[in-house]
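# Understanding the architecture of this molecule
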Amino acid sequence: MTALDMQDVRKTYGSGENEVVALDHATLTVGDDEMVALIGPSGSGKTTLLSIAGGLLSPTDGSVHVGPHAITEYDRKALTKFRRDFVGFVFQGANLVPFLTARENLLVVADVSGKRGRDVERRADTLLEELGLGHRKKNTPPQLSGGERQRVAIGRALMNEPELVLFDEPTSALDTKLGEQVMDLIRSEVKGRGTAAIVVTHDTRMTPYADRVVEIRDGRLAA
Amino acid sequence: MKLAWRELTRRPSRFVTAGAALTLIVLLLLALGGILDALVQSSTGLLKAQTAPLIVYSADSKGSIDRSRVTAEDRAAVEAVPGVHDASGLGLALLAGYLPGHTEPSNVAVFGYEAANLRVPAPPQPGEGYADRSLETDGLAIGETVELGTARIPVKVVGWVQDTNYNLQSGLWVDAATWRRALNANIPDAAVAPGTFQAILVTPEESTTPAQLETAIDAAVPAVNALTIPQAIAGIPGVAEQDSVFTSIIGVTFAVAGIVVALFFALLTIERVGLLGVLKAIGASSRTLAAGLTLQAILIAGGAIVLGSLLAVALAQVIPDAVPLTLTVGRFVFTAVGLIVAALIGSAISFRRIIRIDPASAVGGA
Amino acid sequence: MFRILGKKGRPAARMTGKEKDVRLALAEIRRAKLRFGLLTGAVALLVFLILFQQSLAGSLLGQFTGGLEHQSATVLVYAADARRTVDGSRVTPAQVAQVAAVPGVAASGPIGEGSFTARLGDGQLSDTSVIGYELGGPGFPTTLSSGRLPASDGEAVASAADASQGYDIGQTVTVVPGDTPVTIVGLADNIQFNVQPTLFVSFATFEGLVRATNPDARAVLPNLVGVEPAAGVEPVALASTITAQVAGVEALDRDTAVASLPGVSSIEQSFNIILGLAFVVVILLTGFFFLIITVQKTPSLTLLRAVGASGGFLLRNLIVQVLLVIGGALVIAVPLTIAAVSGSSSAAFQATVDPAVIVTTSIAIVLLAVVASIGAMRRVAKIDPAAATARLTGGGLA
């Protein structure tokens, strides 16, 4: 089964003379266990593609399937639920809740969907151990280093056992060594679970970690 | 929900502004309400204490007990009206009351009465009286004698009553003869003949309703005007105006509370727009986020109610005696409920903004 | 922010400093209409509360005390046990005579006061205060606006505010019971007593009214003795002398007597408490609001400083916004007050707005609001332009 099947997706903003084409004829498939690096300069549309893949944006044309879900047919509420249950996001700069501990940050999605329970909590603790944050789980983001914060973000993204995890420039705020550590971690986590991943980056040093590299420029994917 | 609670408990300082403003508003509301309740109570307490459903004044007194005079003949005429089960007299004299050991007199409303009511037992012996608790606060004790007016008519206190003040003056309930003596000796121009009272309280027979009897009495005895107790209360000069003025001010204050909440949460939402976007991106619905906001609004309002109430109670202890203030349970409840409603409405103003936050804004970096 | 300077094609460099301030402030307010709108609304309502209550309290007090305040006796003698209430005071003829004999007294005479029911020309019953004084002696109204003082029994000067209610010159009101007619020959301003229409009559008329309404009355004693001091004698000093020399009385100068009337103290103090609280809430709200907004704006303000805006410029910008908000609030609150005050007026209670009070309160509020924004101003002053290059997190995230 493919984790992501994007067919001929087009995203435009505005109309007539002021129309901006962010994404044009984007076709991309990502297998269940694949890690794809999406490379392109700023303004190339990679963020748009990521957002559409994750159900954050709806395309103007084309179809998107994530696993069995035909998300282009979903309304806003259905998309919210979809993201909650089937997608993980790791944003540039971690974007953690500043007044929650690392552990609580992992449990945020469960809180928000009301699915809190012993199973969920155990999963959070396990993830924290795997990510090397067992001893930091009671610390809040201001008390964590940049690398630790990014790792918490990765843990959060994996909590709901997603089909697809989307990474937006995960290493841009980190130095080379830390960046490599994070990419390593991403790869092992993703591969170990059979989760697909798309990593958007403009840093070519990070591409060797991916199974495949896709280039995007001016809204179009390279063949 | 948990998220909202955690933010409130872990970052209380950012909620302090709204909390402080709302606390002061609660204090303001309780002060306003307390003054209104005291004013209304002092004007209406006497009437509200009556068990008889009808009160009969002289026709020209315009519902003012001070100016009313019902003679013995008029009373007999009233009692002769079919449907009257019982009639008892009520007299009033506003006098200075000299307490033992005090040089400054207290303000006393002397009531001459013939039958027990909700708050006062049956009339005592001549020369004795039931005193309102406010006189105890002034320094009076049971068994002591109050001297009334320049003529120093003595009345021995044999028991306490409560909430029987008139015109902010402490009630002293005595039998008719004692009341007449105190009035005639001290205020000669208001002297009354034996048998004359300011008002007659009337209880109808089982078979007659108060409304029916009221009409019957008015028709049979043109010299008097019968009113039901609620009508009499409504007719007390000034009460309706006081009520409407204070109530509008209280209404405006509630509106301000709602706006404070709206303002504060609008600002808070703007400050947290990034966080809200991220939460939406990872699957929080607008409904969940809005519910969290509402929870915070209610909790802050609740805290303000508790703190404001404590301050109001403290205020009541230190305000000068000249300011009438009474804090009733009903007033606390009304204020609490009103504030919560205002907070709910205020927080709802931010809902649209929350709904409009685009989860896609989380992607793309700072 | 850069788009704002130099709007409408005018190069920023050519605008005067003041114009830039106001432009920037206005533009920001336009951008954040909800926020500023809510704050202005809240302040407007609170200011309205303050102004409205001041007007009510002022009018109410005047209608309680006018009759006493605007009559000619500058010293008033009460019974010692009257607790300074006119209603509770009765002086004996002996005491009246003794007061007249006190040195320093130029003229004195009895003053009676009572509350009666009057039937007006159209048959309606109306509560009326009646004040009786000896014609030619102290106690006549000092604010006659039309007509004349009573020259004989049965004539009266009425409160001008009630002229349209049936108390106009030439009209006759009948005091019931007893059906005693009183004809109005003059009108005076601000002479209401106990918030009721008020009539000034001769003492003999007053006596007659008391006996007519209460046939059982034994004697009609005056409530007060009104005194006019001799030339060069101070009312306060004369009052003390009278109190000392005449047994069983307490003499007060007119101002003290008015301030001591029952209800005056309660009303004044009650309203002071409420006004005090309302003022505090206005200040708190304004101060904290601008502090919060300033903190939120710190990134953009830092940027402005980095590109050359002076600290003074930012400060002026803030003050302009405070003034605009308070100004907006006043623009809403003042007309609202005027409307509400006339709306609350009824035949029974006429409230008027005192422009002097509104102006003073408005100025006070503007000043206090600026003082309240000191917190925000200090924050603005602390902005370090060098911080513009540091990485800023925004939106409440870590």
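About the cut-offs
- Residues numbered from 1 in each chain as written.
- Chains lettered and ligands numbered in written order.
- Predicted model: local features only at pLDDT ≥ 70, side-chain atom pairs only at ≥ 80, totals over all residues.
- Helix = DSSP H or I, 4+ residues; strand = E, 2+ residues; numbered from the N terminus.
- Buried ≥ 20, exposed ≤ 12 C-beta atoms within 10 Å, placed from the backbone.
- Contact = placed C-beta atoms within 7 Å.
- Nonpolar A, V, L, I, M, F, W, Y, C, P; charged D, E, K, R; others polar.
- Expected span 1.5 Å × (residues − 1).
- Arc of directions from axis to C-beta.
- Axes fitted to C-alpha atoms, helices over the stretch in contact; angles between N-to-C directions.
- Parallel < 35°, antiparallel > 145°, perpendicular 65-115°, else oblique.
- Left-handed = near helix turned anticlockwise from the far one by under 90°.
- Domains from an automatic or database assignment.
- Pairing = 2+ DSSP bridges.
- pLDDT = per-residue confidence, 0-100.
- Core = buried A, V, L, I, M, F, W, Y, C linked by C-beta atoms within 7 Å.

### Here's the deal with the overall build of chain A
What chain A contains, in helices and strands, is seven helices and 10 strands. Dimensions of chain A along its principal axes, counting C-alpha atoms only, are 55 × 40 × 35 Å. Counting only residues that meet the buried cut, chain A has 49% of its 223 residues in that class. For chain A, restricting intrachain contacts to residue pairs at least 6 apart in sequence, the fraction spanning at least 24 positions comes to 73%.

### Comments concerning the interface of chain C and chain B
Listed by partner, the interface residues are 59 residues for chain C and 60 residues for chain B. Among the secondary structure elements, those contributing two or more residues to the side of chain C that touches chain B are helix H2 (33–69), strand E2 (105–119), strand E3 (125–133) and helix H7 (264–306) of chain C. Here the side of chain C that touches chain B gets 16 residues from one element, more than from any other, and that element is H7 of chain C. Its residues assigned to classes, the side of chain C that touches chain B comprises 34 nonpolar, 17 polar and eight charged.

### Description of helix H5 (residues 118–130) of chain A
Residue and element names in this part refer to chain A. For H5, spanning 13 residues, the distance from its first C-alpha to its last is 18 Å, which sits close to the expected 18 Å at 1.5 Å a residue. Where H5 is concerned, the buried positions are Ala-124, Leu-127 and Leu-128. The arc enclosing the buried residues of H5, seen along the axis, measures out at 100°, which places them on a common side. Opposite the buried face of H5, at more than 90 degrees from it, the exposed residues are Arg-118, Asp-119, Arg-122, Thr-126 and Glu-129. Check the buried side of H5 and you find it contacts helix H3 (102–106) and helix H6 (146–158).

### Overview of the packing of helix H1 (residues 2–10) of chain B against helix H10 (residues 286–318) of chain B
All names here are of chain B. Packing of H1 against H10 leaves a shortest axis separation of 8 Å and a crossing angle of 40°. Comparing the axis directions of H1 and H10 gives the class oblique. You can see that H1 and H10 cross each other, and the crossing is right-handed. Of the residues in H10, those touching H1 at Leu-3, Ala-4, Trp-5 and Leu-8 are Gly-292, Leu-293, Leu-295, Gln-296 and Leu-299. Class assignment of the residues belonging to the contact of H1 with H10 gives a composition of seven nonpolar, two polar and no charged.

### Observations concerning the domain arrangement of chain B
Residue and element names in this part refer to chain B. Once the domains are mapped, chain B shows domain 1 (2–43 + 239–362) and domain 2 (63–235). Here domain 1 and domain 2 have C-alpha centroids that lie 45 Å from each other. Looking at the side of domain 1 that touches domain 2 residue by residue, the classes come out as two nonpolar, two polar and no charged.

### Brief notes about the sheet that holds strand E6 (residues 87–90) of chain A
All names here are of chain A. If you trace the six strands from one edge of the open sheet to the other, you get E6-E7-E8-E3-E9-E10, paired in mixed fashion. The outermost strands of the open sheet, each flanked by one partner alone, are E6 and strand E10 (220–221). Where E6 meets strand E7 (residues 164–168), four bridges bridge the pair, whose relative direction is parallel. Following the sheet pairing, Val-90 is matched in E7 by Phe-167. On the sheet, H6 packs against E6 and E7 and is oriented at approximately 170° with respect to E6.

### Structural notes on the packing of H7 of chain C against helix H9 (residues 355–372) of chain C
Residue and element names in this part refer to chain C. Interaxial distance between H7 and H9 falls to 8 Å at its minimum, and their mutual angle equals 45°. In terms of orientation, H7 and H9 fall into the oblique class. As for how H7 packs across H9, the hand of that crossing is right-handed. Residues Val-282, Ile-283, Thr-286 and Gly-287 of H7 lie in contact with H9, whose contacting residues are Ile-365, Leu-368, Ala-369 and Ala-372. Residue composition of the contact of H7 with H9, grouped by class: six nonpolar, two polar and no charged.

### As for the pairing of E2 of chain C
Remember that side chains alternate between the two faces of the sheet whenever the strand is regular. Residues and elements named next belong to chain C. Of all the 15 residues making up E2, 11 are buried; the element is thus mostly covered by neighbouring parts of the structure. Both E2 and strand E9 (residues 224–229) contribute to a ladder of six bridges, which runs antiparallel. Paired with Ile-111 across the two strands is Leu-224, which belongs to E9. Sheet analysis places E2 next to E3, joined by nine bridges and oriented antiparallel. Counted as the bridge partner of Ser-115 is Ser-129 from E3. Hairpin connection between E2 and E3: a loop of five residues separates the two successive antiparallel strands, and Gly-123 in this loop has a positive phi of roughly 95°.

### Focus: the pairing of strand E1 (residues 54–58) of chain B
Residues and elements named next belong to chain B. Burial analysis of E1 places five of its five residues in the buried class, which makes it a mostly covered element. Covered by surrounding structure in E1 are Leu-54, Val-56 and Ser-58 together with Ile-55 and Tyr-57, the residues of both alternating faces. As paired elements, E1 and strand E9 (residues 224–228) share five bridges and run antiparallel to each other. Considered in E9, the bridge of Leu-54 is made with Thr-228. Here three bridges tie E1 to strand E8 (residues 199–204), and the two strands are oriented antiparallel to one another.

### Here we look at the sheet that holds strand E2 (residues 20–31) of chain A
Residue and element names in this part refer to chain A. Sheet architecture is open: four strands sit in the order E2-E1-E4-E5, paired in antiparallel fashion. Every interior strand has two partners, whereas the edge strands, E2 and strand E5 (69–70), have only one. Pairing of strand E1 (residues 2–13) with E2, which is carried by eight bridges, proceeds in the antiparallel orientation. Looking at the pairing, Val-9 lines up with Ala-26 of E2. The strands touched by helix H1 (residues 46–53) within the sheet are E1, E2 and strand E4 (61–66), with E1 carrying the most contacts at an inclination of about 125°.

### Points about the confidence of the model for chain B
Low pLDDT marks regions whose predicted coordinates should not be analysed in detail. Chain-level statistics for chain B give a pLDDT mean of 90 and a share of 99% at 70 or above. For this predicted complex, the interface confidence comes out at an ipTM of 0.88, alongside a pTM of 0.80.

### Some points on the nonpolar core
Buried together is how nonpolar side chains tend to be arranged in soluble globular proteins. Val-260 of chain B together with Val-47 and Val-77 of chain C are the most contacted members of the largest nonpolar core, which totals 238 residues. For this core, the element with the highest residue contribution is H2 of chain C, accounting for 19 residues. Those residues in contact with Val-47 of chain C, other than ones at most four positions away along the chain, are Val-282, Ala-329, Leu-330, Ala-333 and Ile-365 of chain C. Leu-90, Val-108, Val-146 and Val-161 of chain B belong to the second largest nonpolar core, which has 59 residues in total.

### Remarks on the environment of Gln-245 of chain C
Residue and element names in this part refer to chain C. In this structure, Gln-245 sits in helix H5 (residues 235–245). Exposure remark for Gln-245: the 14 C-beta atoms within 10 Å place this residue in the partly exposed category. Here the alpha-carbon distance between Gln-245 and Pro-103, two residues 142 residues apart in the chain, equals 9.9 Å.

### Describing helix H5 (residues 176–186) of chain B
Residues and elements named next belong to chain B. Among the 11 residues in H5, eight count as buried, and that is most of the element. Of all the positions in H5, only Ala-176, Thr-178, Trp-179, Arg-180, Ala-182, Leu-183, Asn-184 and Asn-186 are classed as buried. At its buried positions, H5 is contacted by strand E2 (84–98), strand E3 (106–113), strand E5 (145–148), strand E6 (153–161) and strand E7 (170–175).

### Examining unusual backbone geometry
All names here are of chain C. Along the chain, Val-176 connects to Pro-177 via a cis peptide bond; the corresponding omega equals -5°. Among the structural elements, Pro-177 can be located in the loop between strand E6 (172–176) and strand E7 (180–188). Phi angles above zero are rare outside glycine, and Arg-84 is one such case at about 60°. You can see Arg-84 is positioned in the loop between strand E1 (75–79) and helix H3 (93–100). For Arg-84, a count of 18 C-beta atoms within 10 Å gives the class partly exposed. If you check the backbone angles, Asp-179 has positive phi at about 50° while not being a glycine.

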